[in-house]
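Chain by chain, the residues run as shown.
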Amino acid sequence: VGPIDVAPALTAEELASVTWAHTTRTFAALGHRFAVRSSGAGIGRYIDAMYAGCAVTGRDPAALYSVLNGLPGDAPHALYLGHDRMVQSARPAPILNHLTWHVNQRVIAERGDRVLLHAAAAALGERGVLLPAAMEAGKTTLVAGLIRSGFRYLTDEAAAIDPDTLLVHPYAKPLSIDPGSWEVLADLRPRLDPSTAAYLEGQWQVPAGAIRDDAISEPVGVEVVILPRYELGASTTVTRLRRSTALVRALEQTFRFHERGARDLDVLRRVVERARCYQLVSGDLAQASAEVTRLVQGDDEHAIGTEVGA
Amino acid sequence: VTGAGEIGPGTSPSRSPEVAEAILDGEAVLYHERYRTVCVLNPSATVIWSHLDGSGDLATIASELASVFGVRQDVVLGDVLDAVRDLGRRGLLAGVEADARTIEALLLAEPEPHLPRDG
């Protein structure tokens, strides 16, 4: 593959002269307030739907992203933030991937006073479940299954805990579903025209509202902390965890922990102190969802015991 | 600053002011703000940790624990010395030099948001 011809970045004047087919509502993703304009109407409408759970009224965006297509050269697709080109690509998928990734980054950077965990979170009524885990542990797939099972959505990526109330606040980003889960979540495949669908090659971005109406939760307290791990072919097992173990695993998944480590340690101690804590290993989404439901409802008869050793 | 190996029955160690602690169900989770390390103490080590305020030497602490738990003092003293030297190597005690390799093993890495997949 030879070098591709990437056109120079657009000047501010050139950006201003673009005819925008769609501009989204303003979204407030925790502290990051943004909107997205696009030269293609289809992708613009889809981004509007993706972040519908974050839409706010009566507030201007602090950041404006621009999604462009049809640029000259071999890389006709581009993403700008303000006047700065962030990425330019021959294919549309990297544009949407970069947008969602950048929004996540800004959410973490602008976390404010909250403690922010790399975790999925959902609520059954007013009972919250926190699912901290590293990448590829199956957080998004599990939370999608939980929404199907009647839970409401808080996040699949960054759980924001208020240090005073200890409530988890929603960061209702679209669920970012990787190809490994496309088969088990086939009904969530976005139904789009081919040019818009091309933006989702490699990763589906699915709004929680597409799974169920009224899917976004209000802020809730954490009643259960579960460390989930997907293992291909594994039978579903639940192990009761010591709270100290759950706390350390939560610390390991805390974004920018070292900035306010002592404060975050105390906040998470208070969260874990009030919660029941488990590890869940599963290779089956339906079983995992059913097990989480039971645990949140207070039934841990299926738990196989307490971890041993310190 | 002394080495952890120099800690003996007559030493009166104190917890480092750079360490934040959270105690859950009798187990201490300790975070060292400068080293950026995290470690968990088992219940026995947590009891010893809670006594390290610099006011009493380890022989005295061992004597107190021996009477509380009904165990021979010389046995408790050996356990206390092992535990406190270990705390020292982890950099958790004021005025005790940490062991670099121990610190490295306890470092807490922070997560990063998913990098975009190049679909």
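A brief report on the enclosed structure follows. (Residues numbered from 1 in each chain as written. Chains lettered and ligands numbered in written order. Predicted model: local features only at pLDDT ≥ 70, side-chain atom pairs only at ≥ 80, totals over all residues. Heavy atoms only, no water.)

Topic: the sheet that holds strand β3 (residues 27-32) of chain B
All names here are of chain B. Stated formally: A strand pair is defined by DSSP finding two or more bridges across the two strands. Helix and strand definitions follow DSSP, with helices as H or I runs of at least four residues and strands as E runs of at least two, each counted in order from the N terminus. For helices, the fitted line uses only the C-alpha atoms of the stretch in contact; every axis is such a line through C-alpha atoms, and the angle between N-to-C directions lies from 0 to 180 degrees.
Strand order in the open sheet formed by three strands is β2-β3-β4, and the pairing between neighbours is antiparallel. A strand with exactly one partner marks an edge of an open sheet, and here the two such strands are β2 (19-24) and β4 (37-41). Across the sheet, the mean angle from the axis of one strand to that of its neighbour is 20°, orientation sign disregarded. Judged from the five bridges that link them, β3 and β4 form a sheet pairing that is antiparallel. When the sheet's bridge partners are listed, H32 is paired in β4 with T37.

Structural notes on the environment of V220 of chain A
Residue and element names in this part refer to chain A. Convention followed: Using a 1.4 Å probe on the protein chains alone, a residue whose accessible area is under 20% of its type maximum counts as buried, one over 50% counts as exposed, and one in between counts as partly exposed. Here, residues are in contact when the closest pair of their heavy atoms is within 4.5 Å.
Its place among the elements puts V220 in the loop between β14 (204-206) and β15 (221-230). What makes V220 buried here is its relative accessible area of 5%. Residues V220 and A109 lie 111 residues apart in sequence; the distance between their C-alpha atoms is 23 Å. Residue contacts for V220: discarding those within four places in its chain leaves A123, G125, E126, G128, L154, L166, L167 and V168.

With respect to the interface of chain B and chain A
For the record, the criterion: For any pair of parts, buried area is found by adding up, for both, the accessible area (1.4 Å probe) each one loses once the two are put together. Take a side-chain nitrogen of Lys or Arg and a carboxyl oxygen of Asp or Glu: if they are within 4 Å of each other, that pair is a salt bridge. Nitrogen and oxygen atoms within 3.5 Å of one another constitute a polar contact, given that in protein one can donate a hydrogen and the other can accept it, and given that sequence-neighbouring residues count only through two side-chain atoms.
Between chain B and chain A, the residue contacts involve 26 residues of the former and 38 residues of the latter. Contact between chain B and chain A buries roughly 2,800 Å² in total, counting both sides, with carbon and sulfur atoms accounting for 64%. For the pair chain B and chain A, the number of links is two salt bridges. Among the ionic pairs, E27 of chain B bridges to R242 of chain A, the shortest N-O distance being 3.0 Å. Across the contact surface, chain B and chain A share seven residue pairs in polar contact (both at pLDDT 80 or more). Where the side of chain B that touches chain A is concerned, the elements lending two or more residues are β2, β3 and β4 of chain B. A total of five residues in the side of chain B that touches chain A trace back to one element, the largest contributor, which is β2 of chain B.

Overview of the pattern of salt bridges
Residues and elements named next belong to chain A. Across all of its chains, the model carries 23 salt bridges over all chains by this definition. For D266, the salt bridge identified is with R270, shortest N-O distance 3.4 Å. Taken together, the residues D266 and R270, both in helix α7 (residues 261-273) and four residues apart, mark about one turn of the helix. Given the relative accessible area of 31%, D266 is considered partly exposed. One network of salt bridges, in which partners are shared, links R111, D113, R256, E259, R260, R263 and D264.

Section: the pairing of β2 of chain B
Both faces of the sheet carry side chains from a regular strand, because those side chains alternate between them. Residue and element names in this part refer to chain B. Here six bridges tie β2 to β3, and the two strands are oriented antiparallel to one another. Bridge pairing in β3 places I23 opposite A28. Hairpin geometry of β2 and β3 is characterised by an intervening segment of two residues between the two adjacent antiparallel strands and by a positive phi of about 50° at D25.

Structural notes on helix α3 (residues 93-109) of chain A
Applicable threshold: Residue count minus one, scaled by 1.5 Å, sets the expected span of a helix.
Between its first and last C-alpha atoms α3 of chain A spans 24 Å; for 17 residues at 1.5 Å apiece the expected length is 24 Å, and the two agree. Within α3 of chain A, 14 of the 17 residues are buried, which leaves it mostly tucked inside the rest of the structure.

What about the environment of G40 of chain A?
Residue and element names in this part refer to chain A. Take G40: it is sitting in the loop between β3 (32-38) and α2 (41-50). For G40, a relative accessible area of 12% gives the class buried. Residues G40 and A21, spaced 19 residues apart in sequence, show a C-alpha to C-alpha distance of 5.6 Å. When residues no more than four places from it in sequence are discounted, the contact partners of G40 are A21 and N69.

A closer look at the layout of surface pockets
Residue and element names in this part refer to chain B. This is how the line gets drawn: Put plainly, a pocket is an open set of points on a 1 Å grid over the protein atoms alone with protein on both sides within 12 Å along at least five of seven lines, a cavity is a set where a 1.4 Å probe fits but cannot get out, and a lining residue has an atom within 4 Å of a point. Grid points are joined across faces, edges and corners, and a volume is the space filled by probe spheres set on the points. Side-chain classes are defined by residue name, with Ala, Val, Leu, Ile, Met, Phe, Trp, Tyr, Cys and Pro counting as nonpolar, Asp, Glu, Lys and Arg as charged, and the others, Gly among them, as polar.
There is about 350 Å³ of room inside the second largest pocket. Lining the second largest pocket are 17 residues, with N42, S44, A45, I48 and A83 positioned closest to its centre. Those elements that place two or more of their residues in the lining of the second largest pocket are β4, α1 (43-51), α2 (58-69) and α3 (73-89). Residues belonging to the lining of the second largest pocket are distributed by class as follows: twelve nonpolar, two polar and three charged.

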